[in-house]
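# Observations on the model geometry
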Amino acid sequence: MKIVLAIDSFKGCASSQELSTWIEEGIKEVYQEAVVQACYIADGGEGMLAAIMQNISGKIMTCSVHDPLMQPIDAQYGILEDGKTAVIEMAQAAGLPLVPKEKRNPLLTTTFGVGELVKDAMKHGCRIFIVGIGGSATNDAALGMMQALGYRFFDAEGNELGHGGEILEKVHRVDESHVDKELKACEFIVACDVDNVMYGPRGSAHIYAGQKGADAAMIERLDAGMKHFTEVLKHKMDKDVAHNAGSGAAGGMGGGMQAFLNAKLRSGIEIILDQIGFDAHLKDAALVITGEGRIDKQSLMGKVLSGVSKRCKQARVPLIALGGGIADELEEHEGVDALFSIMRYPMSLEEAMEKQRAEKLVKQSTTEIFRLIKTLKHSVL
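Residues numbered from 1 in each chain as written. Predicted model: local features only at pLDDT ≥ 70, side-chain atom pairs only at ≥ 80, totals over all residues. Heavy atoms only, no water.

Next up on the list: the overall build of the protein. In terms of helices and strands, the protein carries 13 helices and 13 strands. Across its three principal axes, the protein shows a C-alpha extent of roughly 80 × 45 × 35 Å. Residue burial in the protein is summarised as follows: out of 381 residues, 54% are buried. Residue pairs at least 24 apart in sequence account for 71% of intrachain contacts in the protein once pairs closer than 6 positions are excluded. When the accessible surface of the protein is split by element, carbon and sulfur atoms take 48% of a total near 17000 Å². Here the protein contributes 41 positive and 52 negative side-chain charges, whose respective centroids are spaced 3 Å apart. (Helix = DSSP H or I, 4+ residues; strand = E, 2+ residues; numbered from the N terminus. Buried < 20%, exposed > 50% of the residue type's maximum accessible area, 1.4 Å probe, protein only. Contact = heavy atoms within 4.5 Å. Areas by Shrake-Rupley, 256 points an atom, 1.4 Å probe, with all protein chains shown as cover. Lys, Arg positive; Asp, Glu negative; His and termini not counted. Charge placed at Lys NZ, Arg CZ, Asp CG, Glu CD.)

Following this line, the structure appears as structure tokens:
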């Protein structure tokens, strides 16, 4: 029996790799002869770099960059075995966990470090970039990233602007004279799993800036600044991206990368499944196990569970999903043959997220599922 594992991390509790190990141990309690193939998975946000690099030959690179508050830190990116493709995880240089809670302010935080990662990868010969933009601490429409890559932004008086979302409202002129010419030859593929636009009620500031430390006044200012900046893009650079689906992702990172880098936005899970050759793993598979920390309607709308279920349906391979919890609202789950929660008794979220307890619950649930499978397999029914 060949079983494929494609389970996302349980955020704050266990990685995709740890969960895969626990599930395999649970399977082997019942089917010692089972062939288990683990595909480490993420949805394009935090963990994407590790997920891809654990599945594909390549090397992890470390370089010095600036964090969201322009403090020096070391960050990592990956170069795949072709030597030309870099995997950039935005959260490595501009992630929310890099900023202490008391200092979170998207008027000040910048994506400068993300551009530094790209610049370093270019020096090593990379010309194709897979960029995961989840988990950001920023709302600067990728202006910081572009500054690191040589773009300069000026206000109406001709003063060069600094960093952070606060400069959006001041941008009057864009100078490209210091941009590396090789940048135009680069291809950018952005992992984006939301359809928010750059400004307005469904824009980057109103939907996400509050999570990044913005109060009501900051949100209104960021939204107005984003609208102003998109008008500059439209009228002075002939780049009309403000209302593209996903342009508001990661504080306007999606739209900024479309405007300056002609980036293509794709589902994060689809990018990862393609990169790791997931379809090939499905050949001769008897079953696939997927899941994430909490399974709800969002899980079936562009996240890991959604992407895996589509591939399994096409390959006609049964799919079981394991979750730390399953939302009551989830009555239908097309493409998933069965959903199971690992919870066995009432417990607090803190208790559920204790790694030792989670390990035990995952193994127990997996073992029970495969005992049932074995019983049914040998049943006269």
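With respect to topology, six strands assemble into an open sheet ordered β3-β4-β5-β6-β9-β10, the strand pairing being mixed. What marks the edges here is a single partner per strand, and that holds for β3 (58-66) and β10 (264-266). Within this sheet the neighbouring strands show an average axis-to-axis angle of 25 degrees, counted without direction. With two bridges joining them, strand β4 (residues 72-80) and strand β5 (residues 85-89) adopt antiparallel strand pairing. Across the sheet, residue Ile79 finds its bridge partner in β5, namely Ala86. Sheet contacts for helix α4 (residues 112-123): β3, β4, β5, β6 (128-132) and β9 (187-191); angle to β3, the most-contacted strand, approximately 135 degrees. (Pairing = 2+ DSSP bridges. Axes fitted to C-alpha atoms, helices over the stretch in contact; angles between N-to-C directions.)

Here helix α11 (residues 304-315) spans 17 Å end to end across 12 residues, near enough to the 16 Å set by a 1.5 Å rise per residue. Every buried residue of α11 is accounted for by Val304, Leu305, Ser306, Gly307, Val308, Ser309, Arg311 and Cys312. Buried residues belonging to α11 abut β1 (2-7), α9 (268-275), α10 (278-281), β11 (287-295) and β12 (319-326). (Expected span 1.5 Å × (residues − 1).)

Take the packing of aromatic side chains next. Considering all chains together, one arrives at five aromatic pairs under this definition. Ring centres of Tyr31 and Phe370 lie 6.3 Å apart, and the angle between their planes is 80 degrees; this geometry places the pair in the edge-to-face category. Of the two residues, Tyr31 sits in the loop between α1 (16-28) and β2 (35-38) while Phe370 sits in helix α13 (residues 355-377), which places them 339 residues apart along the sequence. For Tyr31, a relative accessible area of 3% translates into the label buried. Arranged with centres 5.9 Å apart and planes meeting at 80 degrees, the rings of Phe153 and Phe260 form a pair that is edge-to-face. Here Phe260 lies in helix α8 (residues 249-261) and Phe153 lies in strand β7 (residues 152-154), a separation of 107 residues in the sequence. We classify Phe153 as buried; its relative accessible area is 0%. Taken together through their ring pairs, the aromatic side chains of Tyr151, Phe153, Phe229 and Phe260 make up a single cluster. Against the face of Phe154 rests Arg173, its NZ or CZ located 4.3 Å from the ring centre. (Phe/Tyr/Trp six-rings, centres within 6.5 Å; stacked < 30°, edge-to-face > 60°. Lys NZ or Arg CZ within 6 Å of the ring centre and 35° of its normal.)

Turning our eyes to something else, we now look at the nonpolar core. One recurring pattern in soluble globular proteins: nonpolar side chains tend to sit buried together. In this structure, Phe129, Met145, Phe188, Met257 and Phe260 are the most contacted members of the largest nonpolar core, which totals 56 residues. Top contributing element to this core by residue count: α8, with seven residues. Ignoring anything within four residues of it in the chain, the contact list for Phe188 reads Val118, Phe129, Val131, Met145, Leu183, Met257, Leu261, Ala263 and Lys264. (Core = buried A, V, L, I, M, F, W, Y, C linked by side-chain atoms within 4.5 Å.)

A word on the pattern of salt bridges. One pass over the structure, following the stated rule, counts 17 salt bridges. A salt bridge links Lys11 to Asp8; the nearest nitrogen and oxygen atoms lie 3.6 Å apart. The class of Lys11 is partly exposed, set by a relative accessible area of 49%. Residue Arg266 pairs with Asp274 through a salt bridge whose shortest N-O separation is 2.9 Å. Three or more residues are tied together by salt bridges with common partners; here these are Arg266, Glu270, Asp274, Asp279 and Arg311. (Salt bridge = Lys/Arg side-chain N within 4 Å of Asp/Glu carboxyl O.)

This part is about the side chain of Thr230. Assignment of secondary structure puts Thr230 in helix α7 (residues 216-236). Excluding residues within four positions of it along the chain, Thr230 makes contact with Met198, Tyr199, Lys239 and Ala242.

Its identity as a non-glycine residue notwithstanding, Ala142 has a phi of 70 degrees, on the positive side. Topologically, Ala142 is positioned in the loop between β6 and α5 (143-148). The backbone of Ala250 shows a phi angle near 55 degrees, a positive value even though the residue is not glycine. Relative to the helices and strands, Ala250 resides in helix α8. For Ala250, a relative accessible area of 11% puts it in the buried group.

Bringing the pairing of β4 into the picture now. The sheet contact formed by β3 and β4 spans nine bridges and is antiparallel. What sits directly across from His66, in β4, is Pro72. Hairpin remark: β3 followed by β4, antiparallel, with five residues in the connecting loop; positive phi at Met70, about 65 degrees. Hairpin connection from β4 to β5: four residues lie between these consecutive antiparallel strands, with Gly83 at a positive phi of about 75 degrees.

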